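# A look at the structure
The primary structure of each chain is shown beneath.
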Amino acid sequence: MHCQTAEGTRNAVLAGADSLEHGMHLDPALLDRMAAQGTAFVPTLSVFGAKEDAMRAREPGARRDLWLAGWDTMLDNVRAAHEAGVAVLAGTDSFPCGTVASEMEWLVRAGLPADAALGAASWTARAWLGLPGLVDGAPADVVAYATDPTLDPGALNHPSRIVLRGRVVR
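Residues numbered from 1 in each chain as written. Predicted model: local features only at pLDDT ≥ 70, side-chain atom pairs only at ≥ 80, totals over all residues. Heavy atoms only, no water.

Right, let's talk about the environment of Gly23 for a bit. Looking at where Gly23 falls in the secondary structure, it is placed in the loop between strand S2 (19-22) and helix H2 (31-37). Remark: the alpha-carbon pair of Gly23 and Pro43, spanning 20 residues in sequence, is separated by 6.0 Å. In contact with Gly23, not counting residues within four places along its chain, are Cys3, Thr9, Phe41 and Met74. (Helix = DSSP H or I, 4+ residues; strand = E, 2+ residues; numbered from the N terminus. Contact = heavy atoms within 4.5 Å.)

Now the structure itself:
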């Protein structure tokens, strides 16, 4: 469910939505329920973070003020969701679309450990979608980096090797 209001996020969680995209104005009291029912949180922080300065520069008004009120709680809610056991996943689906690399950097800024942020874009996301991990016989596209992205999230912007469907494409 794509939600950006308190009522929308509450209704989505109470209805048992599989995932909550964006989740602006998410009530932290819903996090334990999300964890228990397996509702993933896909905050798309990079997309919203890129808009923050422009929104703050706008003249005060209902739309601007509502957006900022939601944004101002997003990082804390993402960290709290992770701490509550909610699957936090990387998403880039709002215009202008972000990148998985920038989303991971924002997840780390929100307080997720780097390995959890990297998982949000890879193994955790695959598991949540019901796809196999790195096991014999499973499809295995590979992206390799010169440095460990859990130590340097910026490394995601500079892959040294990409293998897609068994073919080296970079």
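A few words on a nonpolar patch on the surface. The grouping of Trp128, Leu129 and Leu131 at the surface amounts to a nonpolar patch, some 280 Å² of accessible area in total. Along the chain, the position of Leu131 falls in the loop between helix H7 (123-128) and strand S4 (142-145). When its relative accessible area of 42% is taken as the criterion, Leu131 is described as partly exposed. (Patch = residues over 30% accessible without salt bridge, like charges linked within 9 Å, V, L, I, M, F, W, Y side chains within 5 Å. Areas by Shrake-Rupley, 256 points an atom, 1.4 Å probe, with all protein chains shown as cover. Salt bridge = Lys/Arg side-chain N within 4 Å of Asp/Glu carboxyl O. Buried < 20%, exposed > 50% of the residue type's maximum accessible area, 1.4 Å probe, protein only.)

Time to look at the side chain of Asn77. Considering the arrangement of structural elements, one finds Asn77 in helix H4 (residues 62-83). Under the relative-accessibility criterion, Asn77 is labelled buried at 5%. Setting aside chain neighbours within four positions, we find Asn77 in contact with Leu26, Pro28, Leu31 and Phe41.

Looking now at the packing of helix H3 (residues 45-57) against H4. The N-to-C vectors of H3 and H4 enclose an angle of 140°; their axes lie 10 Å apart at closest approach. By the criterion of interaxial angle, the relationship of H3 to H4 is oblique. Between H3 and H4 lies a crossing of left-handed hand. For the pair H3 and H4, contact is made by Leu45, Phe48, Gly49, Lys51, Glu52, Met55 and Arg56 and by Arg63, Arg64, Trp67, Leu68, Trp71, Asp72, Met74, Leu75 and Val78, respectively. Across the contact of H3 with H4, the residue classes tally to nine nonpolar, one polar and six charged. (Axes fitted to C-alpha atoms, helices over the stretch in contact; angles between N-to-C directions. Parallel < 35°, antiparallel > 145°, perpendicular 65-115°, else oblique. Left-handed = near helix turned anticlockwise from the far one by under 90°. Nonpolar A, V, L, I, M, F, W, Y, C, P; charged D, E, K, R; others polar.)

A word on the packing of H3 against helix H5 (residues 100-109). Direction vectors running N to C along H3 and H5 enclose 80°, while the axes themselves pass 8 Å from each other. When the interaxial angle is binned, H3 and H5 end up roughly perpendicular. Contact residues: Leu45, Ser46 and Gly49 in H3; Ser102, Glu103, Trp106 and Leu107 in H5. The class makeup of the residues in the contact of H3 with H5 is three nonpolar, three polar and one charged.

Next up on the list: the sheet that holds strand S1 (residues 2-3). The pairing of strands in a sheet comes from backbone hydrogen bonds and takes either a parallel or an antiparallel form. A sheet is described by the order of its strands in space; here three strands give the open sequence S1-S2-S3, paired in parallel fashion. Two strands lie at the open edges of the sheet, namely S1 and strand S3 (40-42), each paired on one side alone. Both S2 and S3 contribute to a ladder of three bridges, which runs parallel. Bridging across to S3, Glu21 finds its partner in Val42. (Pairing = 2+ DSSP bridges.)

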